Amino acid sequence: MKHYIIGMTGGIGSGKSTVAKMFADLGACVVDTDAISHQLTGPHGGAMGEIEAKFGEEFINDDGSLNRQAMRDYVFNHPPARKKLEAILHGRIREAVNKVIEQATEPYILLVVPLLIEVGTYRPIISRVLVVDCEESAQIERASLRPDMNPDAVRAIMAAQTDRKTRLRVADDVIDNSGSLSLLEPVVKQLDQRYRHLALHRSQEEI
Ligand code: ADP
């Protein structure tokens, strides 16, 4: 049976990880490309050998993981370096995604791709686009809470991402995460029911 895949995206700090966890708790198969990317660049991760060979050991921490701050600063100042890094990571991420999808037995798959709109890689395999949205001021406030972030860094990342309007335009479904976390849960529950229905309906059509 072909898997029913929903692509989920949203700007930095919009609440993607929070929402993904809620879907996972409800029984969805969540595949998070950011988490895969972190594994690949974690201590002696699958991409670290090539990163060290192509960028140099100044980007490698003592534990064999990527020095994210150094790399972030570098790619902001050297745009071609971003492409070089992406070339190392994208194929490996896609391969890991495929592996998880192949083995999934859950009713549907939520594929979390921060750059879903910007990068076309995943469009052919997804049936719907779900956007997590919130006010930009809330994005900055929430994302700045991360230990290695500050408001200026968040703003710079936001400026490099697709703007809110474009993202909302391509959305099939939108989760408004401007309010409190308690408001989020019922919205996710309702969408989970909808996706289960759509996945079932589609697979029945295909039989
Ligand atoms: P993303 O994965 O899109 O970057 P996260 O899910 O990590 O965003 O959320 C960013 C931060 O904001 C986290 O610390 C999270 O706990 C917090 N957060 C998410 N949604 C809300 C909300 N509705 N109200 C308050 N804090 C939130």
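Note that this is a predicted model, so its numbers are computed, not measured. One numbering rule holds for all chains: residues counted from 1, following each sequence as written. Residue-level local features of this predicted model are given only where pLDDT is at least 70; pairs of side-chain atoms are given and counted only at 80 or more, and the full residue set underlies all totals for whole chains, interfaces and linings. Side-chain figures throughout are based on the complete set of non-hydrogen atoms in the structure, without hydrogens or water.

### Describing the sheet that holds strand β5 (residues 173-176)
Part 1: Only strands joined by at least two bridges in the DSSP assignment are considered to pair. Each helix corresponds to a stretch of at least 4 residues labelled H or I by DSSP, and each strand to a stretch of at least 2 residues labelled E; elements are numbered beginning at the N terminus. The sheet built from five strands is open, its strands ordered β2-β3-β1-β4-β5 with parallel pairing. Taken across any chain shown, the strands that pair with only one partner, and hence form the sheet edges, are β2 (29-32) and β5. For this sheet the average axis-to-axis angle between neighbouring strands, irrespective of direction, equals 25°.
Part 2: Of the strand pairs in this sheet, strand β1 (residues 5-9) and strand β3 (residues 109-112) are connected by four bridges, and their pairing is parallel. Paired with Met-8 across the strands is Val-112, a residue of β3.
Part 3: Should any heavy atoms of two residues lie within 4.5 Å, those residues are counted as being in contact. Only the stretch in contact is used when a helix axis is fitted, and all axes are lines through C-alpha atoms; the angle between N-to-C directions ranges over 0 to 180 degrees. Sitting on the sheet, helix α2 (residues 33-40) touches β2 and β3, and the angle it makes with β2 is about 55°.

### Quick word on the site of the ligand
Part 1: Throughout this document, a residue counts as near a molecule or strand when at least one of its heavy atoms sits within 4 Å of that molecule or strand. Neighbouring residues of the ligand: 14 residues in total, closest Lys-16, Ser-17, Thr-18, Arg-146 and Asn-177.
Part 2: Contacts to the ligand include Arg-146, whose side-chain N or O atom sits 2.5 Å from an oxygen atom.
Part 3: Considering each element in turn, the shell around the ligand owes the most residues, three residues, to helix α1 (residues 16-25).
Part 4: Each residue is assigned to one class: nonpolar for Ala, Val, Leu, Ile, Met, Phe, Trp, Tyr, Cys and Pro, charged for Asp, Glu, Lys and Arg, and polar for all the others, Gly among them. Tallied by class, the residues present in the shell around the ligand amount to two nonpolar, nine polar and three charged. N or O atoms within 3.5 Å of each other form a polar contact, as long as, within protein, one can give a hydrogen and the other can take it, and as long as residues adjacent in sequence are counted only when both atoms are side-chain atoms.

### Quick word on the pattern of salt bridges
Think of it this way: side chains of opposite charge can pair up when their charged atoms draw near.
Part 1: Between Lys or Arg on one side and Asp or Glu on the other, a salt bridge is scored when a side-chain nitrogen of the former is within 4 Å of a carboxyl oxygen of the latter. As enumerated under the stated definition, the model contains 10 salt bridges in all.
Part 2: Asp-173 is paired through a salt bridge with Arg-194; the nearest N and O atoms lie 3.0 Å apart. On the criterion of sequence distance, the pair formed by Asp-173 in strand β5 and Arg-194 in helix α9 (residues 181-206) is long-range, its members being 21 residues apart.
Part 3: The exposure class assigned to Asp-173 is buried, which follows from its relative accessible area of 6%.
Part 4: Whether a residue is buried, partly exposed or exposed follows from its accessible area with a 1.4 Å probe, protein chains only, as a fraction of its type maximum: under 20%, in between, or over 50%, in that order. Under the relative-accessibility criterion, Arg-194 is labelled partly exposed at 39%.
Part 5: One salt bridge connects Arg-196 with Asp-192, and the closest N-O pair in it is separated by 3.0 Å.

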